[in-house]
Structure formats: C-alpha cells, structure tokens
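Observations on the three-dimensional arrangement
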Amino acid sequence: MLSAAGIAMAALGRNGALGGHGLRVILFAGGLLYPVLSRFYEPEPTEDRKASYYYDPIKPSSG
C-alpha cells in the first residue's frame, strides 16, 4: 500500500517536489520490505513469553 502511494505520487508529480517525495516513499517502502519479509518464516513466539516480562524498572514502589 505504501509503495503504491509512492508510485502514485511519483507519477503525478513527475518534475516537481511531489515526484521527489514519491521517490522517497518508494525507497522507504522498499527499505521496510526486507526486514519484514526476512522474519516472515520465523517460528511463532511461545505462550510462556508473557511469564518472562521484565517489570522491575517500572514497578511502583510500595514505600
């Protein structure tokens, strides 16, 4: 969706600032595509992940 918006912006503003911003949106979407797809086939998190939450730094003091 983001790259489609970038393509539309680049097409509508070919020689202007809108075209440059469209190119930036396309590059940003392409840059986000790699980290998202590289983790696509990783296993799902385990159910016990909630038990290992580190709460001490934000725990209210009882004093």
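Report follows, based on the coordinates. (Residues numbered from 1 in each chain as written. Predicted model: local features only at pLDDT ≥ 70, side-chain atom pairs only at ≥ 80, totals over all residues. Heavy atoms only, no water.)

Quick look at the packing of aromatic side chains now. In total, this model carries one aromatic pair according to the counting rule given. Ring geometry for Phe40 and Tyr41: centres 5.0 Å apart, planes at 90°, overall edge-to-face. Judged by its relative accessible area of 56%, Phe40 falls in the exposed class. Exposure remark for Tyr41: the relative accessible area of 75% places this residue in the exposed category. (Phe/Tyr/Trp six-rings, centres within 6.5 Å; stacked < 30°, edge-to-face > 60°. Buried < 20%, exposed > 50% of the residue type's maximum accessible area, 1.4 Å probe, protein only.)

A few words now on the packing of helix H1 (residues 2-12) against helix H2 (residues 17-38). The contact between H1 and H2 brings their axes to 7 Å, and the two run at 160°. The angle between H1 and H2 places the two elements in the roughly antiparallel class. The hand of the H1/H2 crossing is left-handed. Of the residues in H2, those in contact with Leu2, Ser3, Gly6, Ile7, Met9, Ala10 and Leu12 of H1 are Leu18, Gly19, His21, Gly22, Leu23, Val25, Ile26, Phe28 and Ala29. (Axes fitted to C-alpha atoms, helices over the stretch in contact; angles between N-to-C directions. Helix = DSSP H or I, 4+ residues; strand = E, 2+ residues; numbered from the N terminus. Parallel < 35°, antiparallel > 145°, perpendicular 65-115°, else oblique. Left-handed = near helix turned anticlockwise from the far one by under 90°. Contact = heavy atoms within 4.5 Å.)

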